[in-house]
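# Coordinate inspection notes
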Amino acid sequence: MAWRIGIDIGGTFTDVAAVEEHTGRIGIAKVLTTPQDFGRGVIEAIRRGLAQHAIDPADVVLLSHATTVVTNALLEHKGAKCGFIATKGFRDLLELRRSSRPDLYDLFQDAPNVLVPRRYRWEITERIDAQGEIVTPLATDELPALIQAIRTAGLQTVAVSFLFSFLNDSHERAVGAALRAALPDVGVFLSCEVLPEIREFERASTTAVCAYVGPLLAGYLDRLSGATAELGLPALHVMGSSGGVFDIAEALRMPAMAVESGPAAGVIAAALAGRQLDRPNLISFDMGGTTAKASVIVGHEVAVTAEYEVGGAANTRRWMHGTGHPIRVPVIDLAEVSAGGGSIAWVDPGGALKVGPASAGADPGPAAYGHGGTHPTVTDADVVLGWLDRGALLGGGLPIDLAASEQAIETDVARPFGLSVQDSAARINQVVNSNMAQALRIVSVERGHDPREFSLIAFGGAGPVHAVALAEELAIPEVIIPPAPGAFSALGLVATDLKRDYARTLYADLGQVDPVRVADAFAAMQTAGTAMLQDASVPPERRTLPRSADLRYRRQAYELTLPVEDGPVTKAMLQHLAEAFHQKHEQTYGHANRQEPVQLVNLRLTALGKLPDLKLAQPTDRTDARLASRQVWFAATGFAAAAVHWRNGLAVDAAISGPAIIEALDSTIVVPPGWTGRVAELGYIRLTRD
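Summary of the structure given here. As the structure is a computational prediction, the values presented were derived from the model and not from experiment.

Looking now at the overall build of the chain. Helix and strand counts for the chain come out as 16 helices and 38 strands. The buried share among the 690 residues of the chain stands at 57%. Considering only intrachain contacts with a sequence separation of at least 6, the fraction spanning at least 24 residues in the chain is 67%. Carbon and sulfur atoms make up 51% of the accessible area of the chain, which amounts to about 27100 Å² in all. Computed over 60 positive and 77 negative side-chain charges, the inter-centroid distance for the chain is 2 Å.

Attention shifts here to empty space enclosed by the protein. For the structure shown, the criterion picks out 5 cavities of 30 Å³ or more. Forming the boundary of the largest cavity are Leu94, Arg97, Pro112, Asn113, Val114, Leu115, Phe201, Ser205, Ala208 and His325. Of all the elements, helix α7 (residues 200-230) adds the most residues to the lining of the largest cavity, at 3 residues. For the lining of the largest cavity, the class distribution of residues is 6 nonpolar, 3 polar and 1 charged. Around the second largest cavity sit Gln618, Pro619, Thr620, Arg647, Asn648, Leu650, Val679, Gly683 and Ile685, which together line it. Across the lining of the second largest cavity, the residue classes break down as 4 nonpolar, 4 polar and 1 charged.

Another aspect to go through is unusual backbone geometry. Phi at Asp278 is positive, roughly 55 degrees, even though this residue is not glycine. Along the chain, Asp278 falls in the loop between α9 (261-277) and β13 (282-287). Not every positive phi belongs to a glycine, and Asp653 is a case in point at roughly 75 degrees. Tracing the sequence through the fold places Asp653 in the loop between β33 (638-646) and β34 (655-657). On the basis of relative accessible area, Asp653 is assigned to the exposed category, the value being 65%.

Oppositely charged side chains can pair when the atoms bearing their charge come close. Tallied over the full model, the rule gives 31 salt bridges. Between Asp550 and Arg328 there is a salt bridge whose closest N-O contact spans 4.0 Å. Remark: Arg328 occurs in the loop between β18 (325-327) and β19 (331-332) and Asp550 occurs in strand β29 (residues 547-553); sequence separation between them is 222 residues. When sorted by exposure, Asp550 lands in the same class as Arg328, which is buried. Arg415 is paired through a salt bridge with Glu410; the nearest N and O atoms lie 3.5 Å apart. Bridged by salt links that share partners, the residues Glu197, Arg199, Arg328, Asp550, Arg552, Glu559 and Arg604 form one connected network.

A separate point is the pairing of strand β38 (residues 685-689). Strand direction decides the pairing type here: strand β26 (residues 478-481) and β38, joined by 4 bridges, are antiparallel. Each bridged residue has a counterpart across the sheet, and for Ile480 the counterpart in β38 is Arg686. Direction of pairing for strand β37 (residues 675-679) relative to β38: antiparallel, over a ladder of 5 bridges. Bridge assignment links Val679 to a residue of β38, and that residue is Ile685. Hairpin connection between β37 and β38: a loop of 5 residues separates the two successive antiparallel strands, and Gly683 in this loop has a positive phi of roughly 100 degrees.

The rules behind each value
Within each chain, residues carry numbers counting from 1 in the order of the written sequence. Two thresholds apply to this predicted model, a pLDDT of at least 70 for residue-level local features and 80 or more for giving and counting side-chain atom pairs, whereas whole-chain, interface and lining totals are computed over all residues. Hydrogen atoms and water are omitted, and side-chain values are computed over all heavy atoms in the structure. For helices the rule is a DSSP run of H or I covering at least 4 residues; for strands it is a run of E covering at least 2, with both sets numbered from the N terminus onward. In this scheme, a residue with accessible area under 20% of its type's maximum is buried, one over 50% is exposed, and one in between is partly exposed, where area comes from a 1.4 Å probe on protein chains only. Contacts were defined at the residue level, with two residues in contact if any of their heavy atoms lie within 4.5 Å. Each accessible area value is a Shrake-Rupley result obtained with a 1.4 Å probe; residue values ignore everything except the protein chains displayed when judging cover. Within this scheme the basic residues Lys and Arg register as positive and the acidic residues Asp and Glu register as negative, but His and the chain ends are omitted. Taken as the charge location is NZ of Lys, CZ of Arg, CG of Asp or CD of Glu. Cavities and pockets are defined on a 1 Å grid built over the protein atoms alone: a cavity is a set of grid points where a 1.4 Å probe fits but cannot escape, while a pocket is an open set with protein on both sides within 12 Å along at least five of seven lines, and lining residues are those with an atom within 4 Å of any such point. Grid points are joined across faces, edges and corners, and a volume is the space filled by probe spheres set on the points. Polar here means any residue other than Ala, Val, Leu, Ile, Met, Phe, Trp, Tyr, Cys and Pro, which are nonpolar, and Asp, Glu, Lys and Arg, which are charged; Gly is therefore polar. Only one rule defines a salt bridge in this text: a Lys or Arg side-chain nitrogen within 4 Å of an Asp or Glu carboxyl oxygen. Pairing between two strands requires that DSSP report at least two bridges joining them.

Dropping the structure here:
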């Protein structure tokens, strides 16, 4: 037997999902997240998963992990003590930023904290122009003083970013070589190695992010890989933010690639489910303990963007610019809101009910968990409304304190509004559903897609609880609940491929550029990608190198990324690419101008090492069938008797009409009146309107 294991750290639970390659059999284990030391919870979850499902570590062929270390370091300002070296005159590049602001009319808003204090930012005399020609030679005589300043400051890492180094990297590499020779214990990140792309601020910001989080990520992965090796497990891989895993060495060369690894894993798993069910158009909805994430899958293709900001409000309001630190690496296009099971409900000074962004997390957690939480959360509201079992969750492994939930809602919400506890719980759910519907609109309507032409695939511990309410809000006709929804992101970690993204700037009009220049740039990236796959021992028959390009109209500031077809680069191919850009522009923005020249900005290549396909399946056992009943609140009926089914005991093709509840070890599905759930062959449950 060959097993793949994925580990995903959430705000409340750490999930382990194990899949047997040949049968698709799924085994899951969940433990409470340990915020003081994430690695401790990971190892505990792995041990539990191996024991519960009788897995021999020698049978594990892939071990993948989605880490929150990078994002947490930026959010909590707990990164490395790092420095920054820039071209003379550009010392304050990281602080000047772009002019984007989240609120145009707030004159007193604060910009995000600069990752590198000014006392650790230096300049060096050198200059390369926009054609890649040396205007001012590198002043090598300034290097000894610079090296001494870094040594005196006791820095852990240094980021180096010079003007136009993506066209000519000779100065950056000379400085990098000198620093690495003189300061072997200091990590050196060069922008020409991290991100050889146009836009000096984004390139500098991405390089600085890598330097800021690199030592923390290295220490965490070193400890974790040592612990997993002691268990007899294979080498640890890390999920990247664009979907796909890479080894630890690649993660440490480019730490920014691991920023959104957890949410990316869930979308990859959703895309796999779409292929299995022949559902090419999906909206994925992942609601965990702290946040809710949405993404769109069109024609079985996951949407990816290179415009992303991490840290600050950008991590909870994905569509706002100027609130975080830009990183120019491919990231699965997500809309993320602070709406999870642990999100706290509160009344603002104006008397309005709000939910989030604060979360009870794993410690103390919702009041219902009985671990000392006193503030009302979405989970507490779900318990009061009967959507969640009022006795215990996780198959009885997590006792529920109903009285504590009612007391928390009574104190913080019901009393200020003069409402009953049940009505207050219903209001909390209405508010959080409204917040999450906004995320679904961002990835669908605001991207030019009609939600009525999509199915909603819902996962995460809380996703299946709220999924149908969101589908009704956006008139989505079908909701799909996959196998093991509470650990579905962890399943994405084992259903993905080995992946590394490369990019090169080639700035020219698409209709006039020499195809040989484009072919040469792609060839250089293909060489690097092939070498990476060879180092990872991926056989040639499992290697693919898809290409893409960033395109825009003249005088536009931002680009759209389009795939580049395989084969030789010719004038005809570039003309087809231009026409594809016009169509994409019209779909995205509602208009196109075919008389306007199309400008090529960046070329991109992805090195993929394909793993054998998986078939996710959750077999059912009729001997495990259970049927009960309890009072459950629904918007259309108020409290009503609802049948309660145990998911593992449902027969294939069984139909469950609402009002009903379908419970499992890892999640709960709410089927309101007017909806029916049907069990598909592989264990998926499809909910449709009657």
